[in-house]
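# Survey of secondary and tertiary structure
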Amino acid sequence: MNGPGPVEKKILHETRRGTICAALIDPEDFSPARAAETAGAAIKCGVSLILVGGSTISDQSRLDAVVRAIKKRVTSPVVLFPGNITGVSRHADAILFSSLLNSTNPYFIIGAQALGATAVYRTRIESIPMGYLVFGNSSATSFIGQVNGIPQSKPNLAAIYALAAKYLGMRNLYLEAGSGSGEPVSPETIRQVRKVYDGILIVGGGITNADQARRASHSGANVLVVGNLLQTEGFDKTLRQITKALRHR
Ligand code: 1GP
C-alpha cells in the first residue's frame, strides 16, 4: 500500500501552516487557452493547486489539452478531480482517487474506480485516496452520482460518514455542497466532521466570498475549493480576498 506521494505530501506540508485554496477548472467550461490563463491568474491570487474535473466530462482529448495547457502555464500541482472514468489524463500530476460514499449506486462507490484503476496504473500518476460526501439533492454532482444527499441540517450524519472514511483509511475527505450551490457546507458541519476526522478535509461548493471562506477555514477545513467564481468577470479581486481570509497558524 502506498503512503502519500509528492503532491499529497506537499498538500500535507502546506496545510500544516493553515488552510489553502484550490481552483477547480471544468474542461467543459474552459478552452485550453482560457483554462491556462485562469489557472495562472488564480495562482497569482494565492491559490496553491489547480484541480481539473467535472461531473459530465465526455471528451478526454479536451481534458488532455486543458491539463497540458495549464501545466505549461503554472508550476503548482495540477490534480484531477474525476466524476467518472473519463476523468483520467496522463498529463496531470495526481488524481483524487475518490469514492462517492453516499451514492445509492455502487458504480460510483467502487465500480467506476475498478474500471478506471488500470488507466491510472498505466499513467503512473500519483493517486490520492479520498472519500467524497455530497450534501443536498439539487446539484449536478448529486444528480449524476445518484446521491442520497446529506441534509445540511444534519451535521451528525456527515460526521458518521467521516468517521467511517477515517476507519477505511481514507487520508482525504471532500465535503461537497455542489457546484454553484446557494448553500455552502455549513461551519457547524465542518466543525462536527473535524472533531472525528483528522485527515485532510476539503470543502467546496458555493464558496464565492471571503466571509464564507473565513468561516470554513476557522471551522477546520484544510483545503477550500472554488470553481464557479473563476468564471465571473474580475474574479481575481474576490479570489485574493478569499486567500487572504484563510487561517494561518
Ligand atoms: C464543485 O466544490 C466544487 O465540485 C466547487 O464548487 O463551483 O460552487 O465553487 P463551486
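Please refer to the structure placed before this passage.
## Topic: the pattern of salt bridges
If you walk through the whole model with that rule in mind, you get six salt bridges. Two residues, Arg171 and Glu8, come together in a salt bridge whose shortest N-O distance is 2.7 Å. Note that Arg171 is positioned in the loop between helix H6 (155-167) and strand S6 (172-176) and Glu8 in helix H1 (residues 6-16), a separation of 163 residues in sequence. By relative accessible area, which is 25% here, Arg171 ends up partly exposed. Of the charged contacts in the structure, one is a salt bridge between Glu188 and Arg191, with a shortest N-O distance of 3.4 Å. Placement of both Glu188 and Arg191 in helix H7 (residues 187-196) is noted, with a separation of three residues, approximately one turn of the helix. Glu188 gets classed as partly exposed once you look at its relative accessible area, which sits at 35%. The partly exposed category is assigned to Arg191, whose relative accessible area is 40%.

## Observations regarding a positive patch on the surface
On the surface, a cluster of positive charge is contributed by Lys44, Arg73, Arg240 and Lys244. Mapped onto the secondary structure, Arg73 falls in helix H3 (residues 60-73).

## Things to note about the site of the ligand
Around the ligand, the structure places 13 residues, and the nearest of them are Glu176, Ser179, Gly180, Gly206 and Gly227. Between the ligand and Tyr174, the relevant distance is 2.8 Å, taken from an oxygen atom to a side-chain nitrogen or oxygen of the residue. In this structure, an oxygen atom belonging to the ligand sits 2.5 Å away from a side-chain N or O atom of Glu176. Expressed as a share of its isolated accessible area of 310 Å², the protein-covered part of the ligand is 96%. Cavity membership is defined here by more than half of the atoms lying within 2 Å of grid points; on that basis the ligand lies in the largest pocket. Among the residues making up the shell around the ligand, the classes are represented as four nonpolar, eight polar and one charged.

## Brief notes about the layout of surface pockets
In this structure, the largest pocket spans a volume of roughly 730 Å³. Along its surface, the largest pocket is lined by 45 residues, and Gly54, Ser55, Phe81, Gly83 and Tyr132 are the ones closest to its centre. Only strand S1 (20-25), strand S2 (49-54), strand S3 (78-82), strand S4 (94-100), helix H4 (106-123), helix H5 (140-144), S6 and strand S8 (223-226) provide two or more residues apiece to the lining of the largest pocket. Broken down by element, the lining of the largest pocket gets its largest block of residues, six residues, from S4. Considering only residue class, the lining of the largest pocket consists of 21 nonpolar, 21 polar and three charged. Computed from the structure, the second largest pocket encloses a volume of approximately 600 Å³. At the level of elements, S4, H4 and strand S5 (126-134) are the ones that each hand at least two residues to the lining of the second largest pocket. With five residues, the single largest contributor to the lining of the second largest pocket is H4.

## Side note on the sheet that holds S2
Spatially, S1-S2-S3-S4-S5-S6-S7-S8 is the arrangement adopted by the eight strands of the closed barrel, whose pairing is parallel. Across this sheet, the average inter-strand angle for adjacent strands is 30 degrees, counted without regard to direction. Taken together, the two bridges between S3 and S4 define a ladder with parallel strand orientation. Bridging from a neighbouring strand, Val79 pairs with Ala94 of S4. Along the sheet, H1 makes contact with S1, S2, S3, S4, S5, S6, strand S7 (200-204) and S8, crossing S5 at roughly 60 degrees.

## Topic: the pairing of S7
The buried fraction of S7 amounts to five of the five residues, a majority that puts the element mostly inside the structure. Across the two faces of S7 the burial is the same, with Ile200, Ile202 and Gly204 and Leu201 and Val203 all buried. Pairing analysis gives five bridges linking S6 to S7, with the strands arranged parallel. Within S7, the residue paired with Leu173 across the bridge is Leu201. Where the polypeptide runs from S6 across H7 and back to S7, its parallel neighbour, the crossover connection is right-handed.

## Concerning the nonpolar core
Formed by 53 residues in total, the largest nonpolar core has its most connected members in Ile25, Ile50, Ile70, Leu173, Leu175, Val203 and Leu239. When residues of this core are assigned to their parent elements, the largest contribution, four residues, is made by H3. Discounting residues that sit within four places of it in the chain, Leu175 has contacts with Leu133, Phe135, Val185, Ile190, Val193, Leu201, Ile202, Val203 and Gly204. With 23 residues, the next largest nonpolar core counts Leu24, Leu49, Val79 and Val225 among its residues.

Rules behind the numbers
Residues numbered from 1 in each chain as written. Predicted model: local features only at pLDDT ≥ 70, side-chain atom pairs only at ≥ 80, totals over all residues. Heavy atoms only, no water. Salt bridge = Lys/Arg side-chain N within 4 Å of Asp/Glu carboxyl O. Helix = DSSP H or I, 4+ residues; strand = E, 2+ residues; numbered from the N terminus. Buried < 20%, exposed > 50% of the residue type's maximum accessible area, 1.4 Å probe, protein only. Patch = residues over 30% accessible without salt bridge, like charges linked within 9 Å, V, L, I, M, F, W, Y side chains within 5 Å. Areas by Shrake-Rupley, 256 points an atom, 1.4 Å probe, with all protein chains shown as cover. Lys, Arg positive; Asp, Glu negative; His and termini not counted. Charge placed at Lys NZ, Arg CZ, Asp CG, Glu CD. Near = heavy atom within 4 Å. Polar contact = N/O pair within 3.5 Å; in protein donor to acceptor, adjacent residues only side chain to side chain. 1 Å grid on protein atoms, 1.4 Å probe; cavity = no way out; pocket = protein on both sides within 12 Å on 5 of 7 lines; lining within 4 Å. Sits in = over half its atoms within 2 Å of the grid points. Nonpolar A, V, L, I, M, F, W, Y, C, P; charged D, E, K, R; others polar. Points joined across faces, edges and corners; volume = space filled by probe spheres on them. Pairing = 2+ DSSP bridges. Axes fitted to C-alpha atoms, helices over the stretch in contact; angles between N-to-C directions. Contact = heavy atoms within 4.5 Å. Right-handed = clockwise from strand over helix to strand, strands pointing away. Core = buried A, V, L, I, M, F, W, Y, C linked by side-chain atoms within 4.5 Å.

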